[in-house]
Amino acid sequence: MNYDIIVIGGGIVGLATAYQLKEKLSDKYTIAVLEKENTLANHQTGHNSGVIHSGIYYKPNSYRAKLCVQGRRDLVQFAKKYNIPHDICGKVIVARDKSEIPYLETIYQRGIENQIEGLTLLNGEQIKEYEPHCVGVKAIHVACTGIINFKAVAEKYAEIFSAKGGVVLLNEKVKNFERKTEHTIIDTDKNTYTAKYIIACGGLQSDRLALLYGLKPLTRIVGFRGEYYELVNKEKVKNLIYPVPNPKFPWLGVHFTRMINGEVECGPNAVFAFKREGYTKTAFSWKDTLDALQFKGFRKLTTKHFSYGVKEQWRSLSKKAFLKSLQGLIPSLTIQDIHPGRAGVRALAVNPDGTIADDFIFEHADNAIHVLNAPSPAATASLAIGDTISQMAIEKFTLV
Ligand SMILES: Cc1cc2nc3c(=O)[nH]c(=O)nc-3n(C[C@H](O)[C@H](O)[C@H](O)COP(=O)(O)OP(=O)(O)OC[C@H]3O[C@@H](n4cnc5c(N)ncnc54)[C@H](O)[C@@H]3O)c2cc1C
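Reading the values: the criteria
- Numbers given for residues are sequential positions, taken from 1 along each chain in its written order.
- The predicted nature of this model means local features are confined to residues of pLDDT at least 70 and side-chain atom pairs, given and counted, to a pLDDT of 80 or more, with totals for whole chains, interfaces and linings taken over all residues.
- Note that water and hydrogens are dropped before the side-chain values are worked out from all heavy atoms of the structure.
- Here, axes are lines fitted to C-alpha atoms. For helices the fit covers the stretch in contact, and angles between N-to-C directions go from 0 to 180 degrees.
- Note on conventions: DSSP H or I runs of at least 4 residues are helices, E runs of at least 2 residues are strands, and numbering of each starts at the N terminus.
- Should an angle lie under 35 degrees it is considered roughly parallel, over 145 roughly antiparallel, and from 65 to 115 roughly perpendicular; all remaining angles are considered oblique.
- Residues are treated as being in contact if the distance between any of their heavy atoms lies within 4.5 Å.
- Residues are grouped as follows: nonpolar covers Ala, Val, Leu, Ile, Met, Phe, Trp, Tyr, Cys and Pro; charged covers Asp, Glu, Lys and Arg; every other residue, Gly included, is treated as polar.
- Exposure categories follow from relative accessible area, calculated using a 1.4 Å probe and restricted to protein chains: below 20% of the type maximum is buried, above 50% is exposed, and the middle band is partly exposed.
- For two strands to count as paired, DSSP must find a minimum of two bridges between them.
- Between 30 and 60 degrees the pair is tilted, below 30 it is stacked and above 60 it is edge-to-face, where a pair is any two Phe, Tyr or Trp rings, Trp via its six-membered ring, whose centres lie within 6.5 Å.
- Two limits define a charge over a ring: the Lys NZ or Arg CZ must be within 6 Å of the ring centre, and within 35 degrees of the ring normal.
- Start and end positions for the domains come from either an automated domain assignment or a database one.
- In short, buried area is how much 1.4 Å probe accessible area vanishes from two parts on joining, totalled over both.
- Counted as salt bridges are all cases of a side-chain nitrogen of Lys or Arg within 4 Å of a carboxyl oxygen of Asp or Glu.

Asks: Got a sec to walk through the packing of helix 7 (residues 286-294) against helix 8 (residues 296-304)? Specific residues and values, please.
Replies: Relative orientation and spacing of two packed helices are given, respectively, by the angle between their axes and the distance between those axes. Between helix 7 and helix 8, the least distance of the axes is 5 Å, while the angle of their chain directions is 80 degrees. Accordingly, the angle class assigned to the pair helix 7 and helix 8 is roughly perpendicular. In contact with Ala292, Leu293 and Gln294 of helix 7, helix 8 contributes Lys296, Phe298 and Arg299. Broken down by class, the residue content of the contact of helix 7 with helix 8 amounts to 3 nonpolar, 1 polar and 2 charged.

Listed below in structure tokens is the structure:
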């Protein structure tokens, strides 16, 4: 029950961090991962789109830009080394009409600044060479984008970490911290642990873990559910087709994704999740809803984007409205072509002024590091995030 380092959260960020710590530190440090569920990668990591992002969208020099590019390259090497099925199939980002061209060009410039390899600008005719059913006026083909199953990646991190002496403990929900000078006592719902150092990677619960530890994070997590439809007529999509995203929001717009299991998914949208870890339209938690409503940042966010929120809710309820968005990219799609599918919930860190935090946030305090924001592309970037956090731990905790 006594460890040098305890990592909280068995999602891809916690497991990549544990994996990188084991790679860097000598065996004298004991490391454990505590995960509250009975399986690993059960939340965001197991409910995402499975896209290995290129890094084209993110502000140059941000953590998201740098760690996505580095993390993608490391991930592809890792997947090759450990035979994890993946496919660097490329994607197109498509301007549906002339009004979208300026922002498409901004994305292209960002891609150049972020040194994304394999970018090609396409005209309307050239789009058809990549995606015969897609209609647009201009596009970027991003050759280095790919697909993978991130749950399989996270499980491989855990497997290697365990094989090297790390300990992964499931069904251990962290409920309390007691900070002492030399160590922290961690109470879970079943046991008590002590750790000299803590690294909290709690995803949808990360703000609560930080508050429990005694930090005063400025941001709060708000869950946004992303719902998918499955494409029945899979021939209509060869690989990945994305629209030009709305620059006001951190999501990429409903898109078509060929998954590594051969299915094609359409989505995800983004609606407020009344339950942070709830995956159906009716999932509801008083605690999660009240926490969001009591936070002024969330109230400001909803006031500012009220009509957008209403439209998103409508698109969540109406298959026809969802289809209409998809027809913006593939006009020949019919209502019979799509079936309701699964959903995931994104953890978005919202600032008190109602803006959504744009970058990854890693906060150090005393003997702990808290990951306060790890939205997309954190799965792609996981090895680079784990590398950054473990370097931070070595420095701040003076580990050797
Ligand atoms: C719909 C959707 C689509 C996405 N698409 C992509 C994509 O295509 N490509 C990409 O790179 N990224 C994508 N992302 C983002 C990516 O999935 C996340 O950024 C990443 O999975 C975050 O990993 P995490 O470990 O921080 O969080 P999680 O995977 O949520 O893991 C956090 C873990 O902490 C555990 N935990 C929480 N509280 C406690 C506690 N008190 N005690 C013990 N354990 C606790 C949870 O049970 C959970 O297992 C997507 C996300 C969503 C939701």
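Asks: With reference to specific residues and values, describe the pairing of strand 5 (residues 91-95).
Replies: Of all 5 residues making up strand 5, 5 are buried, and the element is well covered by its neighbours. Residues of strand 5 alternate between two faces, with Lys91, Ile93 and Ala95 on one and Val92 and Val94 on the opposite face, all of them buried. As judged from the 5 bridges shared by strand 5 and strand 7 (residues 138-142), these two strands associate in the antiparallel manner. Bridged to Val94 within strand 7 is Ala139.

Asks: Break down the packing of aromatic side chains for me, citing the residues and quoting the values.
Replies: Inspection of every chain in the model, using the stated rule, returns 17 aromatic pairs. Note on Phe249 and Trp251: the rings are 5.8 Å apart at their centroids and 5 degrees apart in plane angle, and the pair reads as stacked. Look at Phe249 and you get buried, because its relative accessible area is 10%. A relative accessible area of 10% means that Trp251 is categorised as buried. The structure contains a cluster of three or more aromatic residues connected by ring pairs, namely Phe272, Phe274, Phe284, Trp286 and Phe298. Taking NZ or CZ as reference, Lys91 lies 3.4 Å from the ring centre of Tyr242, over its face.

Asks: Give me the lowdown on the sheet that holds strand 4 (residues 86-87), citing residues and values where you can.
Replies: The strand order 3-8-4 describes an open sheet built from 3 strands, whose pairing is antiparallel. Unpaired on one side and paired on the other, strand 3 (51-52) and strand 4 mark the two borders of the sheet. By the bridge criterion, 2 bridges tie strand 4 to strand 8 (residues 146-148) in an arrangement that is antiparallel. What sits directly across from His86, in strand 8, is Ile148.

Asks: A description of the domain arrangement of the protein chain should follow, citing residues and the corresponding values.
Replies: Taken domain by domain, the protein chain holds domain 1 (2-46 + 151-219 + 358-396) and domain 2 (220-237 + 267-356). A C-alpha centroid distance of 28 Å is found between domain 1 and domain 2. The interface is formed by 20 residues belonging to domain 1 together with 20 residues belonging to domain 2. The contact between domain 1 and domain 2 buries some 1,500 Å² in all, and 46% of this surface belongs to carbon and sulfur atoms. Considering only the side of domain 1, the residues that lose the most area to domain 2 are Leu204, Arg208 and Thr219, jointly responsible for 42% of the buried surface there. The tally of links between domain 1 and domain 2 comes to 4 salt bridges. For Asp207, the salt bridge goes to Arg276, with nearest N and O atoms at 2.8 Å. Sorting the residues of the side of domain 1 that touches domain 2 by element identifies helix 6 (206-213) and strand 20 (368-373) as the ones contributing at least two each. The biggest single contributor to the side of domain 1 that touches domain 2 is helix 6, with 4 residues. Of the residues contributing to the side of domain 1 that touches domain 2, the split by class is 6 nonpolar, 9 polar and 5 charged.

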